[in-house]
Amino acid sequence: MGAFQTLPGFREFFPEDLARRNHVFRLWRRTANAFGFSEYDAPVLEPLDLYRAKSGDEIETQLFSFTDKGGREVALRPEMTPTVCRLVGERAGTLKRPIKWYSIAEFYRYERMQKGRGRCFFQLNADIFGEPGPEAEIELIALLIQSFTAFGLTAEDVWVRLSDRNLWFFYLEALGLDEPRVRAVLGAVDKFERMGDDAFKPYAEKFGPLDEAIKAKVLAFLQIKSLAGLEQALAAAGGGERLSARLADWKKLLGGLDAMGLSPFVTVDLGVVRGLAYYTGFVFEAFDRKGELRALAGGGRYDDLVAKLGGPELPAAGFAIGDMTFSLLLEQRGLMPPLAPAADVYVVIGGQKEREAAFADIASLRGAGYRVEYPMKEVAFGKQFKAAVESGARIALIYGSEELARGVVKLRDLRSRTEHDVSKAEVASAVRSVFTGQ
Ligand code: HAM
């Protein structure tokens, strides 16, 4: 369509695409509901300030933003977290705690396009407010994992890498770095896997090269892959009360996940620190095991954000799964279901007179909730039967002149390939008995 193509990175959903998307959303909703989360929604367009200095530099450069006709600076939402903090902040006094909320919504980021990354995408966001301890993370990571397993994915397909920005802070401060330097080192750690040593360039530009001995310790720390490794590294750094309290949280979190049978999915991995600026504690990301796709999901604790946005002090943690990498993974594993049939009943019609006789039954069957199709134009019987099979219908109802003259309609069961006459007055109950098997 030449000049009228979609913008780069934007998606159209033809019916078969939308059916797949709906399948994903349906199971996400069912899973979040099973965990006792309540669904909410919010505007797509927000004041630009909501994201400035809150989401982090990277997201800020990716905003779709403009000035509206009233002179307001606005942005299409790049993520839900600041918005949900505002919503919860407004009602924090009256909401029963812990507050467990989820949403399925569309987001916009002006990103470089890659496989599994676009400029608009959907996320399932799930967040818990009012629970400061790792009990919130247990619930969230369990929900994250069940949002995968509900589709038939297993621990062989997906894994969750669990890390801790608190621990990084304590550790780097114990090594003598101040807060701005700690943040810059975490920025480097976030990119290290993809960029290698170049990830430390921004740090060097700001503060001069990072001390080699400290850098070696940072690189060793991000290699840690177990709780035992963590304990060792922290003992070597001098331990201390803060660090041992933190280790107790780690044990509680991993113990809880283990008791839920989720250990096979979860790995300690300090290489994950998350790019977003607001995280304060445990952080995690989910990936496909083969490592072929970008992140499936990401989240963590953000205890300061509600207050930063003008609400009360309110501990918070949550995550988001994106629909793009997730759907790619389902396709790769053959877990996207085939398209559901379009019809339950296909009505085969002889001619104009029979059409009118059929319409009353079509209307009442549809009223009873059956999906009913019929040909809009007069077509040969053979073609109609072909269309009936293609529609996926279980039943063909045949309104021929010969049948109607006898006061009956022919019911053909397209699965068992049997047919029998039913009296015109009993079409609805005959259809019902095929579907209920009674
Ligand atoms: P995020 O890591 O920026 O976190 O995004 C979460 C997921 O959304 C990613 O793992 C990815 O699957 C998907 N995603 C992000 N950007 C794109 C894109 N350009 N194209 C396709 N998919 C994308 C957040 O958004 C946090 N707000 C999550 C959170 C909720 N933290 C606490 N609560």
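Residues numbered from 1 in each chain as written. Predicted model: local features only at pLDDT ≥ 70, side-chain atom pairs only at ≥ 80, totals over all residues. Heavy atoms only, no water.

Turning our attention to the overall build of the protein chain. A tally of regular secondary structure across the protein chain gives 16 helices and 16 strands. Relative to the 2.2 N^0.38 estimate, which gives 22 Å for 438 residues, the radius of gyration of the protein chain is 29 Å and therefore markedly larger than a compact globule would have. Over its C-alpha atoms, taken along the principal directions, the protein chain stretches across nearly 95 × 55 × 45 Å. A fraction of 68% describes how many contacts in the protein chain between residues 6 or more apart in sequence connect residues 24 or more apart. Summed over its atoms, the accessible surface of the protein chain is roughly 21,300 Å², and 53% of this surface lies on carbon and sulfur atoms. The average position of the 58 basic charges and that of the 60 acidic charges among the side chains of the protein chain differ by 3 Å. (Helix = DSSP H or I, 4+ residues; strand = E, 2+ residues; numbered from the N terminus. Rg over C-alpha atoms; globule rule 2.2 N^0.38 Å. Contact = heavy atoms within 4.5 Å. Areas by Shrake-Rupley, 256 points an atom, 1.4 Å probe, with all protein chains shown as cover. Lys, Arg positive; Asp, Glu negative; His and termini not counted. Charge placed at Lys NZ, Arg CZ, Asp CG, Glu CD.)

Our next topic: helix H9 (residues 227-236). Within H9, burial applies to Leu227, Gly229, Leu230, Ala233 and Leu234. Mapping the buried residues of H9 onto a view down its axis gives an arc of 155°, with all of them on the same face. Facing away from the buried side of H9, by more than 90 degrees, are the exposed residues Gln232, Ala235 and Ala236. Looking at the buried side of H9, the elements it contacts are helix H5 (165-174), helix H8 (212-221), helix H10 (241-259) and strand S8 (266-268). Note on H9: the residue one or two positions beyond its end, Gly238, has a positive phi of about 105°. (Buried < 20%, exposed > 50% of the residue type's maximum accessible area, 1.4 Å probe, protein only. Arc of directions from axis to C-beta.)

On to the site of the ligand, then. The environment of the ligand is formed by 27 residues, the closest being Glu79, Thr81, Glu111, Asp127 and Tyr279. Measuring from an oxygen atom of the ligand, one finds a side-chain N or O atom of Gln123 at 2.9 Å. Separating an oxygen atom of the ligand from a side-chain N or O atom of Arg274 is a distance of 2.9 Å. Protein contact buries 97% of the 660 Å² of open area that the ligand shows by itself. Secondary-structure elements contributing two or more residues to the shell around the ligand are strand S6 (120-129), strand S10 (297-301), strand S11 (316-322) and helix H12 (323-332). Residue composition of the shell around the ligand, by class: eleven nonpolar, ten polar and six charged. (Near = heavy atom within 4 Å. Polar contact = N/O pair within 3.5 Å; in protein donor to acceptor, adjacent residues only side chain to side chain. Nonpolar A, V, L, I, M, F, W, Y, C, P; charged D, E, K, R; others polar.)

What follows concerns the packing of H5 against H10. Contact geometry of H5 with H10 gives a least axis separation of 11 Å together with a crossing angle of 155°. Compared by their axis directions, H5 and H10 come out roughly antiparallel. H10 is crossed by H5, and the crossing has left-handed handedness. In this structure, H5 uses Asn166, Leu167, Phe170 and Glu173 to contact H10, whose residues at the interface are Arg242, Leu243, Arg246 and Trp250. Of the residues assigned to the contact of H5 with H10, the class counts are four nonpolar, one polar and three charged. (Axes fitted to C-alpha atoms, helices over the stretch in contact; angles between N-to-C directions. Parallel < 35°, antiparallel > 145°, perpendicular 65-115°, else oblique. Left-handed = near helix turned anticlockwise from the far one by under 90°.)

All right, on to the sheet that holds strand S4 (residues 73-76) then. With antiparallel pairing, the three strands of this open sheet are ordered in space as S2-S4-S3. For this open sheet the edge positions go to strand S2 (45-47) and strand S3 (65-67), each flanked by a neighbour on one side alone. Averaged over all neighbouring strand pairs, the angle between strand axes comes to 35°, with direction disregarded. Two elements, S2 and S4, share three bridges in a ladder whose sense is antiparallel. Looking across to S4, one finds that Glu46 is bridged to Ala75. (Pairing = 2+ DSSP bridges.)

Attention now moves to the side chain of Glu137. Residue placement: Glu137 occurs in helix H4 (residues 135-149). Only 2.8 Å separates the side chain of Glu137 from the side chain of Arg301, close enough to count as a polar contact. Among residues more than four places away in sequence, those in contact with Glu137 are Leu253, Phe282, Arg301 and Ala317.

What follows covers the domain arrangement of the protein chain. By domain assignment, the protein chain separates into domain 1 (15-42 + 77-332) and domain 2 (345-436). Averaged C-alpha coordinates put domain 1 and domain 2 at centres separated by 54 Å. (Domains from an automatic or database assignment.)

Turning next to the nonpolar core. Counting 79 residues, the largest nonpolar core has Phe148, Trp168, Trp250 and Phe326 as its most contacted members. Broken down by element, the residue count for this core peaks at nine residues, all from H4. Not counting residues up to four positions away in its chain, the partners in contact with Phe148 are Leu153, Val158, Ala286, Leu296, Ala297, Ile321 and Phe326. Counting residues in hydrophobic clusters, the runner-up holds 31 residues, among them Ala42, Ile59, Val272 and Leu305. (Core = buried A, V, L, I, M, F, W, Y, C linked by side-chain atoms within 4.5 Å.)

Interhelical geometry of H5 versus helix H6 (residues 179-195) gives an angle of 125° and a closest axis separation of 10 Å. With respect to each other, H5 and H6 are oriented oblique. The hand of the H5/H6 crossing is right-handed. Mapping the contact onto sequence places Arg165, Trp168, Phe169, Leu172 and Glu173 in H5 and Glu179, Val182, Arg183, Val185, Leu186 and Val189 in H6. Across the contact of H5 with H6, the residue classes tally to seven nonpolar, no polar and four charged.

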